[in-house]
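Here is what each chain is made of, one letter per residue.
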Amino acid sequence: MTRTDRGTVLIDLSLEISNQMPAHAFFPSPIILPYVTHEMAKEAGLGEPGDPMTYAINYISMLEHVGTHVDAPYHIGEQGASIDEMPLDWFTGKAVCLDLRQIPDLGDIDVAELEEAEAASGVKIDGHIVLLCSGFHARHWPNPEVVTKNPGLTYAASEWLADRSRVHGVEGPSTDKAGTKEFPNHRVCRDRGMIHYEWLVNLEQLLGKGEFVFHGYPLPWRRGTGSPVRALAELSA
Ligand SMILES: [Zn+2]
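A brief report on the enclosed structure follows. (Residues numbered from 1 in each chain as written. Predicted model: local features only at pLDDT ≥ 70, side-chain atom pairs only at ≥ 80, totals over all residues. Heavy atoms only, no water.)

## Some thoughts on the overall build of the protein chain
Right, on to step 1. If you tally the helices and strands in the protein chain, you get six helices and 15 strands.
Right, on to step 2. When the 237 residues of the protein chain are sorted by exposure, 48% land in the buried category.
Right, on to step 3. Of the contacts made within the protein chain by residues no fewer than 6 positions apart, 73% connect residues no fewer than 24 positions apart.
Right, on to step 4. Accessible area of the protein chain: about 12,100 Å², with a carbon and sulfur share of 53%.
Right, on to step 5. Within the protein chain, one finds 19 positive and 33 negative side-chain charges whose respective centroids are separated by 3 Å. (Helix = DSSP H or I, 4+ residues; strand = E, 2+ residues; numbered from the N terminus. Buried < 20%, exposed > 50% of the residue type's maximum accessible area, 1.4 Å probe, protein only. Contact = heavy atoms within 4.5 Å. Areas by Shrake-Rupley, 256 points an atom, 1.4 Å probe, with all protein chains shown as cover. Lys, Arg positive; Asp, Glu negative; His and termini not counted. Charge placed at Lys NZ, Arg CZ, Asp CG, Glu CD.)

## As for helix H6 (residues 184–192)
Right, on to step 1. Taken as a whole, H6 has its buried residues at Pro184, Asn185, His186, Val188 and Cys189.
Right, on to step 2. On its buried face, H6 sits against strand S7 (69–71), helix H2 (73–76), strand S11 (152–153), helix H5 (155–162), strand S12 (167–170) and strand S13 (195–198).
Right, on to step 3. After H6 finishes, the residue Gly193 shows a positive phi value of roughly 70°.

## Thoughts on the coordination of the zinc ion
Right, on to step 1. Distances from the zinc ion to its protein donors, namely Asp71 (OD), His186 (NE2), His196 (NE2), Glu198 (OE) and Glu198 (OE), fall within the range 1.8 to 2.5 Å.
Right, on to step 2. Of note, the donors binding the zinc ion are all from one chain and are spaced D-x114-H-x9-H-x1-E. Here His196 and Glu198 have matching classes, each one buried. (Donors = N, O, S within 2.8 Å, 3.2 Å for Na, K, Ca; no water.)

## Notes on the pattern of salt bridges
Right, on to step 1. Applying the stated criterion across every chain, the model contains 11 salt bridges.
Right, on to step 2. With its nearest N and O atoms 3.4 Å apart, the salt bridge here joins Arg223 to Glu85. One end of the pair, Arg223, is in the loop between strand S14 (212–218) and strand S15 (226–236); the other, Glu85, is in the loop between H2 and strand S8 (92–99), with 138 residues separating them in the sequence.
Right, on to step 3. According to the relative accessible area criterion, Glu85 is partly exposed, its value standing at 45%.
Right, on to step 4. As a salt-bridge pair, Asp108 and Lys177 come within 3.0 Å of each other at their nearest N and O atoms. Here Asp108 is found in strand S9 (residues 108–109), whereas its partner Lys177 is found in the loop between S12 and H6, with 69 residues between them in sequence.
Right, on to step 5. Classification of Lys177 as partly exposed rests on a relative accessible area of 28%.
Right, on to step 6. Residues joined in a network through salt bridges with shared partners are Glu159, Asp163 and Arg192. (Salt bridge = Lys/Arg side-chain N within 4 Å of Asp/Glu carboxyl O.)

## Side note on the environment of Gln20
Right, on to step 1. Within the element layout of this structure, Gln20 appears in the loop between strand S2 (8–12) and strand S3 (31–36).
Right, on to step 2. For the pair Gln20 and Val123, spaced 103 residues apart in sequence, the C-alpha separation works out to 39 Å.
Right, on to step 3. For Gln20, the contacting residues outside a window of four places in its chain are Ser29, Pro30 and Ile31.

## Structural notes on the nonpolar core
Right, on to step 1. Of all hydrophobic cores here, the largest spans 27 residues; its most connected members are Leu13, Leu131, Leu206 and Phe214.
Right, on to step 2. At the level of secondary structure, the elements contributing two or more residues to this core comprise S2, S8, strand S10 (129–133), S13, S14 and S15.
Right, on to step 3. It is S15 that contributes the most residues to this core, four residues altogether.
Right, on to step 4. For Leu131, the residues in contact, after removing those within four places along its chain, are Leu13, Val96, Cys97, Leu98, Gly169, Leu200, Leu203, Leu206, Phe212 and Phe214. (Core = buried A, V, L, I, M, F, W, Y, C linked by side-chain atoms within 4.5 Å.)

## Here's the deal with the packing of aromatic side chains
Right, on to step 1. Taken as a whole and judged by the stated rule, the model has two aromatic pairs.
Right, on to step 2. Summarising the aromatic geometry, the rings of Trp141 and Trp199 are spaced 6.1 Å apart at their centres and angled 90° between planes, so their arrangement reads as edge-to-face. A residue pair is termed long-range when its members are at least 10 positions apart, and Trp141 in the loop between helix H4 (136–140) and S11 and Trp199 in the loop between S13 and S14 qualify at 58 residues.
Right, on to step 3. Assessed through its relative accessible area of 1%, Trp199 is described here as buried.
Right, on to step 4. Taking the centre distance of 4.8 Å and the plane angle of 70° together, the rings of Tyr197 and Phe214 count as edge-to-face. (Phe/Tyr/Trp six-rings, centres within 6.5 Å; stacked < 30°, edge-to-face > 60°.)

And the structure:
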């Protein structure tokens, strides 16, 4: 948790990105390697006698959908906006986190669970960014189950969200249950113009906090299908 100079605190909702970290079960892990190390840079003889200038740079090769990321509409629909085309106000706004920790591995998040969790949160969802705390990440990271056992949103739950909100976010690699062929949430997102964040972490810290502000800005990849983000919750101190 970080205090800001405007009387708020920031909670980091982002997963650390590292070489060969777990990715979605269909996807390769990222490759992040030193390109130049301080040791290598010494050979260039930069700087001045007595104060050499060295530098370090890493080489990054990864899919857009690794770690904490946001999907662009283009990811799931040929005619959808790519990440660089999306208005920035989609990536920040009033938010609420729902407690769904009773949902088991490979379980369904359905309308009844969302309604119950909404009531418990004390926030009436009306244009909020809705974050879903399933406890999944804490249960399994960094074990193999983290890409094979995540729960998913049903069609009806996804429609329920679409009626109230245009953005939601989940723990784990997907809003749809691991192993699904139907992809109910991704298809409802495509058809109802919603986007979502995947692989958020630390959501437990937001339970019982009521309404807060979410920030999660993507990089503007040209024709990008999504992007890693630094996702944050900003709360009154
Ligand atoms: Zn997705």
